[in-house]
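Inside the fold
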Amino acid sequence: MQTHAKKNKVNHLDKIECVYRIQHHGSTVRACAKRFGVTDKKVISWLSMHEKGELIKQHAQWSPSWNRENVIQHPLDLDILQAIKRGNPTYEDSIISLFDPELDAVNCISHVEWQDEEIEKLCLWMVDRSLEILRDVAIDSEDLIVELEFVSSNYFALICKAFGFDHVELRKGIYHELRLRGVNVFALEMLEISSVYTRSGVTYVPNSEY
């Protein structure tokens, strides 16, 4: 069976994909070395270069604004990286590449200069998105656990406080809705809610059968 490297010479985006697979997708040095047809030592050298910032190339399309002190480099998703490599991005990827001046397709990163207003929008989006996922996600999924961990975190409480939301009441409502869907009593413990609580004048008692 031919490896990726035997079909095509390892290029810049291959190195970035290798690093992404290890750092963000649980791959191993050995697995990536086999995938790209190189030695373990070579993969380790790419990881070292990435850590030192040496894997990022300042190319002809590099924007001077990306050099500002408060600009942060965010890696794009692996599926977008692969679409860029193929040269046939999806409709959604095309929207990103055509209209996002922060996109760096050569290095497969987005150069974002965070302003206070953008940070506020992101924080509010995180809460909204978490509530949407908890509303729609299957009760036996890993996504449910991840979102419950976020909702039970101090970070969630701080965001709610900043926007004038009552995080305690939000947590109570979330637990009640999940309990009605048959979620295990562990949700009660994770959200740090008393076993008996009052909401809108009605007392809810978690069912011990769950």
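On a predicted model such as this, the values are computed, not experimentally measured, just so you know.

Here we take up helix H4 (residues 40–51). Relative to the 16 Å expected for twelve residues at 1.5 Å per residue, H4 spans 17 Å between its end C-alpha atoms, a close match to the ideal helical length. Along H4, the residues that are buried comprise Val43, Trp46 and Leu47. Down the axis, H4 shows its buried residues gathered within 100° of arc, on one side only. Lining the buried residues of H4 we find helix H2 (12–24) and helix H3 (29–36). The first or second residue beyond H4 is Gly53, which carries a positive phi of 80°.

This brings us to the sheet that holds strand E1 (residues 71–75). Pairing is antiparallel across the open sheet formed by three strands, whose spatial order is E1-E3-E2. Strands with a single pairing partner mark the edges of an open sheet, and in this sheet they are E1 and strand E2 (103–104). Inspection of the sheet shows E1 paired to strand E3 (residues 109–113) by five bridges, in the antiparallel sense. In the sheet register, Pro75 faces E3, and the bridge partner there is Ile109.

Here we take up the environment of Met49. The topology assignment puts Met49 in helix H4. When the C-alpha positions of Met49 and Val19 are compared, they lie 9.8 Å apart, and in sequence the two are 30 residues distant.

Running from amino to carboxyl end, H3 crosses H4 at an angle of 105°, the nearest separation of the two axes being 8 Å. By the angle between their directions, the pair H3 and H4 is classed as roughly perpendicular. Only Asp40, Val43, Ile44 and Leu47 of H4 make contact with H3, whose side of the interface consists of Val29, Arg30, Cys32 and Ala33. Residue composition of the contact of H3 with H4, by class: six nonpolar, no polar and two charged.

Attention now goes to the nonpolar core. Ile16, Cys18, Tyr20, Ile22, Val43 and Cys108 are the most contacted members of the largest nonpolar core, which has 22 residues in total. Within the residue set of this core, elements represented by two or more residues are H2, H3, H4 and helix H5 (78–86). For this core, the element with the highest residue contribution is H2, accounting for six residues. Not counting chain neighbours up to four residues away, the residues in contact with Cys18 comprise Cys32, Phe36, Val43 and Trp46.

Another point: helix H10 (residues 167–180). End to end, H10 covers 20 Å across 14 residues, agreeing with the expected 20 Å (1.5 Å per residue, within 8%). Taken residue by residue, H10 has Arg171, Lys172, Gly173, Ile174, Tyr175, His176, Leu178 and Arg179 as its buried positions. Of the residues that open H10, the one with a side-chain oxygen 3.0 Å from the backbone nitrogen of Val168 is Asp166. Positive phi shows up at Gly182, right after H10, with a value of about 95°.

Definitions and limits used
- Each residue is numbered by its place in its chain's sequence as written, counting from 1.
- Where totals are concerned, whole chains, interfaces and linings use all residues; where local detail is concerned, this predicted model gives features only for residues with pLDDT of at least 70, and gives and counts side-chain atom pairs only at 80 or more.
- Heavy atoms from the whole structure form the basis of all side-chain values; hydrogens and water molecules are not counted.
- The secondary structure listing takes helices from DSSP runs of H or I that are at least 4 residues long and strands from runs of E that are at least 2 residues long, numbered from the N terminus.
- Here the expected length of a helix is defined as 1.5 Å per residue gap, with one fewer gap than residues.
- The cut-offs for exposure are 20% and 50% of the maximum accessible area for each residue type, with area from a 1.4 Å probe on protein chains only; residues under the lower value are buried, those over the upper are exposed, and the others partly exposed.
- The arc in question is the one traced by the directions running from the helix axis out to the C-beta atoms.
- Whether two residues are in contact is decided by their heavy atoms, any of which lying within 4.5 Å being enough.
- DSSP bridges decide pairing: two strands pair if at least two such bridges lie between them.
- Interaxial angle, 0 to 180 degrees, is taken between N-to-C directions of lines fitted to C-alpha atoms, where a helix line uses only the stretch in contact.
- Reported orientations rely on four angle classes, namely roughly parallel under 35 degrees, roughly antiparallel over 145, roughly perpendicular from 65 to 115, and oblique for the rest.
- Gly counts as polar in this scheme, as do all residues outside two lists: the nonpolar Ala, Val, Leu, Ile, Met, Phe, Trp, Tyr, Cys and Pro, and the charged Asp, Glu, Lys and Arg.
- As used here, the term nonpolar core means buried Ala, Val, Leu, Ile, Met, Phe, Trp, Tyr and Cys residues forming a set that is joined through side-chain atoms within 4.5 Å.
- Between N or O atoms, a polar contact is any pair within 3.5 Å; within protein, one atom must be a potential hydrogen donor and the other a potential acceptor, and residues adjacent in sequence are included only when both atoms are from side chains.

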